[in-house]
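Each chain, written out:
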Amino acid sequence: MHIREKLAQKEAAGEPGISFEFFPPKTAQGVQNLYDRMDRMANLGPGFIDITWGAGGRLSDLTCEMVGVAQSVYGLETCMHLTCTDMGREKVDQALQAAYKAGCTNILALRGDPPRDKETWEATENGFRYAKDLVKYIREKYGNHFDIGVGGYPEGADDNPDVDLLIDHLKEKVDAGSSFVITQMFYDAENFIAWVKKCRDKGITVPIIPGIMPIQTYAAFIRRSNWTKTRVPPEWMKALEPVKNDDAAVRDIGKHLIAEMCRKLMASGINHLHFYTMNLAQATRLVLEELGLAPSDESPIQRQLPWRPSLALGRRGEDVRPVFWRNRNSSYVARTQTWDEYPNGRWTDSRSPAFGELDAYGVGLKGTNEQNIKLWGEPKSIKDLSEIFIRFLEGELDRLPWSDSPITAEASDIHDLLLNVNRRGFLTINSQPAVNGVKSSHPVYGWGPKNGFVYQKAYLELLVPSDLIDQLIAKIEKNDDLTYHATKKTGELKTNTRDSPNALTWGIFAGREIIQPTIVETISFLAWKDEAYALGDDWAKCHDAASPSRKLIQQVMDDWWLVNIVDNDFHRTSAVFDLFNDLEVKDFAVELPSKPETNGTSEQNGTAAKN
C-alpha cells in the first residue's frame, strides 16, 4: 500500500501513525540481528518502515535485499531510500526493478551525501544531479506504481543554509511527482511548526512527516546534533548536561523531552511520527510508551491473520498456510517464493509439487556452532535434551532449532501440559490449545476483522522414539476425533487421515465467508519433515564428531519419529496431551570409550546405555 494511503487511513480514523527507519549493517550477523529486531519492533505497530540506501557496491545490494526480506518474510510495508550519489541510470533501473519485484511500492528519492573522498557533491556520469530529476524519472518510468517521498530540511542542509530557498526546491520536487515529505531530524518543535506553515504557504500540500531522533546516549546525541547542525533548545542541554555520564538517566530524561516535542507536533496537526531508530529499539519504544502509542498487553496490535502475511509481489492475497512453519516464517516464505498460486489454488491438490528444495533456500540452523553450544549446552542424555526444551517452555531460552523465536503467550494455557510431555522424555516442537469462539479482538488468540469469532483445534507436534511409536498410534486410533501423521527421516509415513487439508484454525466474521488460515495436510508435512530433520542434523553438527552430544542428537534424528496430532473436537485441549500420561521415554546416555583409539584418529565409538 502507498504511504499516502496509509497516512490518509490514519487521518480518517483520527489515530496517530508511526514508522521506523533502519540502515544496512556492515556484517552478516548484524543483518540477521537487525531482521530479528525489525520483526520484534513490528509489534509496536509501524505503518511502514524505510531502509536507507547504501551507496555503491555491497551496501546498495544489501538495501535491495533487505527491502525484499522485510516485504516478503516479515510482511512490513517498506519504503526504499534511493539516492543520486554514485548512481548512473543503469544502477537506478536495477534498484527500482529490485524494489518492484520485492513488492515494494514506496521510494524515498534523495540526492544523498557526497562520497567520503569528495568535499562537494557531483552528479555521476549519466546520473541525476537533483532529487527532483530522480523523482521525475521514476514517475515517467513506473507511473503511479511507486509512491515517491522526498526529504525536507526545516533547519537547512549541509551545503545550503537558506531555508526559504530549500522550500522552493521542495516545491519543485513535489511538482515533479513526489507525494509525501520526510524531514531531517530536529529538536526545536516551534521552528518545525513555523517551517511547515511556510511550506503550506508556498503551495506544498502533500503530507509532511517529521523525522524524530530518540536520545540513546549523551555522546551520540551531541555528535548527531553537531553533524546535522541541528539546533538544540537550551533547556534540553540544561536537563541533559548534569547526567551526561549516566546512560540510563539520559534515556529517561531524553524520552520525556522527545515525547513532549512530539505532543507539540501532534497538537499542531501533525498526525504521523517517523523515528530514526539507528537500528536500536529501546529508546524508540520508551518514547512510544511515554506517548501512549505502544500497544499494551491488554490492547495489542490487531492481527490480520494468525500469521503475519507476506507483502511480496503476487502473494498479498495469501490466506492459507500449513501449521508446521508456524515458528519458522522466513523458511516457509523462502521455500514458497516461486509459487504462482495464492491463496487457495495450492491446497486443492495436496500432491502439487510446490515446495522448494532445502538446499536452494538456505533455511538451516541459525547461529554459529559456538553460539548454539553456549545456548543449548552439551546434552549427553535424553534427560539433558528434555531439560533444554523445558527451559525453552519456561522462557529461559529464546529459541530452539525448530523455533526461531521465544515461546508465545498462547502457550501459557497449555504450559503445564507441555511440561508434562517433555518431562516424560518426548520433545515438543509445535503446539496450540483449542479455542472455542473467542472474540477476534482477544489479546492472545484474536485475529481478523473486529466483531468476529475465532476457533482452533488442539494440536501437538513432537519427536517420539521408535520403541514407543506403535503404542502412541494405538492410543490415538482409539479416539475417533484424533488424527495424526507420523514420519521418519527416511520418509516412512503412518497416518489415519484422508490425505486432504484439515483446517486447524478458522474465523467467522459478519458478511464474509469462513476463513481457514492454518491447516494440516500430508504433502506439506512431508516437506516440513525434510526441514525438521535437517535442523536436527545441523544441531548435531555443532558438536565435534566424536562427542557424546553429537552422537546423542544424531541418534535421535536418525531413529525417532516426527509426529503431529490434531484433536478435531475443538471444545477440548487435554485429549491430545493425555495420550502421554502413561508413556515415558527410556533415558539413555551416549558414552565415550575410556581410552582413546590407538590409531590416533579423533573418531570414537559411542554406546547407548541406561542412565
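Residues numbered from 1 in each chain as written. Predicted model: local features only at pLDDT ≥ 70, side-chain atom pairs only at ≥ 80, totals over all residues. Heavy atoms only, no water.

The name given to the chain in an unreviewed UniProt entry is MTHFR SAM-binding regulatory domain-containing protein, with the source organism recorded as Penicillium citrinum. Reading the Pathway (unreviewed entry) entry of the UniProt record for the chain gives the comment "One-carbon metabolism; tetrahydrofolate interconversion." For the chain, the Cofactor (unreviewed entry) comment in UniProt is given as "FAD". (UniProt positions renumbered as here; feature names shortened; annotations may be inferred.)

Draft legend 1. Up close: the overall build of the chain. If you tally the helices and strands in the chain, you get 19 helices and 20 strands. Looking at the 611 residues of the chain, the share that counts as buried comes to 53%. In the chain, 73% of the contacts between residues at least 6 apart in sequence involve partners at least 24 apart. Counting every atom, the chain has about 27,700 Å² of accessible surface; 48% of that belongs to carbon and sulfur. (Helix = DSSP H or I, 4+ residues; strand = E, 2+ residues; numbered from the N terminus. Buried < 20%, exposed > 50% of the residue type's maximum accessible area, 1.4 Å probe, protein only. Contact = heavy atoms within 4.5 Å. Areas by Shrake-Rupley, 256 points an atom, 1.4 Å probe, with all protein chains shown as cover.)

Draft legend 2. How the structure looks around the side chain of H485. Mapped onto the elements, H485 comes out in strand β14 (residues 482-487). Among the polar contacts listed, one links the side chain of H485 to the side chain of T497, at a separation of 3.4 Å. Side-chain polar atoms of H485 contact the side chain of T522, separated by 3.0 Å. Here H485 is in contact with L493, K494, T495, T497, V520, E521, T522, F525, L562, V563 and N564, once residues within four sequence places are set aside. (Polar contact = N/O pair within 3.5 Å; in protein donor to acceptor, adjacent residues only side chain to side chain.)

Draft legend 3. Representation of helix α10 (residues 247-267) within the structure. If you check α10, its first and last C-alpha atoms are 30 Å apart, about what 21 residues at 1.5 Å a residue would give, namely 30 Å. A249, V250, G254, K255, L257, I258, A259, M261, C262 and L265 are the residues of α10 that are buried. Packed against the buried residues of α10 are α7 (189-201), β7 (208-212), α8 (218-227), α9 (234-240), β8 (272-276) and α11 (282-291). The residue sitting at the N-terminus of α10 and contributing the capping side-chain oxygen is D246; that oxygen lies 3.2 Å from the backbone nitrogen of A248. Downstream of α10 by a residue or two, G269 has a phi angle that is positive, lying close to 110 degrees. (Expected span 1.5 Å × (residues − 1).)

Draft legend 4. Structural context of the sheet that holds strand β10 (residues 427-432). Pairing within the open sheet is antiparallel, and its five strands lie in the order β10-β13-β18-β14-β15. Sheet topology places β10 and β15 (493-495) at the edges, where each strand pairs with a single neighbour. Within this sheet the neighbouring strands show an average axis-to-axis angle of 10 degrees, counted without direction. (Pairing = 2+ DSSP bridges. Axes fitted to C-alpha atoms, helices over the stretch in contact; angles between N-to-C directions.)

Draft legend 5. Fine view of the pattern of salt bridges. For the structure on display, the rule yields 32 salt bridges. A salt bridge links D93 to K141, with the shortest nitrogen-to-oxygen separation between them at 3.8 Å. Of this pair, D93 sits in helix α4 (residues 89-101) while K141 is found in helix α5 (residues 131-142), placing the two residues 48 residues apart along the sequence. You can call K141 partly exposed: its relative accessible area is 48%. The shortest N-O distance in the salt bridge between E190 and K264 comes to 3.3 Å. In this pair, E190 is assigned in helix α7 and K264 in helix α10, connecting sequence segments 74 residues apart. Through salt bridges with shared partners, one network takes in R328, R335, D404 and E531. (Salt bridge = Lys/Arg side-chain N within 4 Å of Asp/Glu carboxyl O.)

Draft legend 6. Examining the packing of α4 against α5 more closely. As a packed pair, α4 and α5 sit with axes 12 Å apart at the nearest point and diverge in direction by 55 degrees. Comparing the axis directions of α4 and α5 gives the class oblique. The element α4 and its partner α5 pack so that their crossing is right-handed. Between α4, through R89, V92, D93, L96, Q97 and Y100, and α5, the contact on the second element is made entirely by L134, Y137, I138, K141 and Y142. Here the residues of the contact of α4 with α5 sort into seven nonpolar, one polar and three charged. (Parallel < 35°, antiparallel > 145°, perpendicular 65-115°, else oblique. Left-handed = near helix turned anticlockwise from the far one by under 90°. Nonpolar A, V, L, I, M, F, W, Y, C, P; charged D, E, K, R; others polar.)

Draft legend 7. Quick look at the packing of helix α14 (residues 382-393) against helix α15 (residues 415-423). Between α14 and α15, whose axes approach to 9 Å, the crossing angle comes to 170 degrees. In terms of orientation, α14 lies roughly antiparallel with respect to α15. Contact residues: S386, F389, I390 and L393 in α14; H415, L418, L419, N422 and R423 in α15. In the contact of α14 with α15, the residues fall into five nonpolar, three polar and one charged.

Draft legend 8. Structural context of α8. Listed as buried for α8 are Y218, A220, F221, R224 and S225. For α8, the buried positions fall inside an angular range of 165 degrees around the axis, keeping them on one side. Exposed residues pointing more than 90 degrees away from the buried face of α8 are listed as R223, N226 and W227. Its buried side turned inward, α8 meets β6 (180-185), α9 and α10. (Arc of directions from axis to C-beta.)

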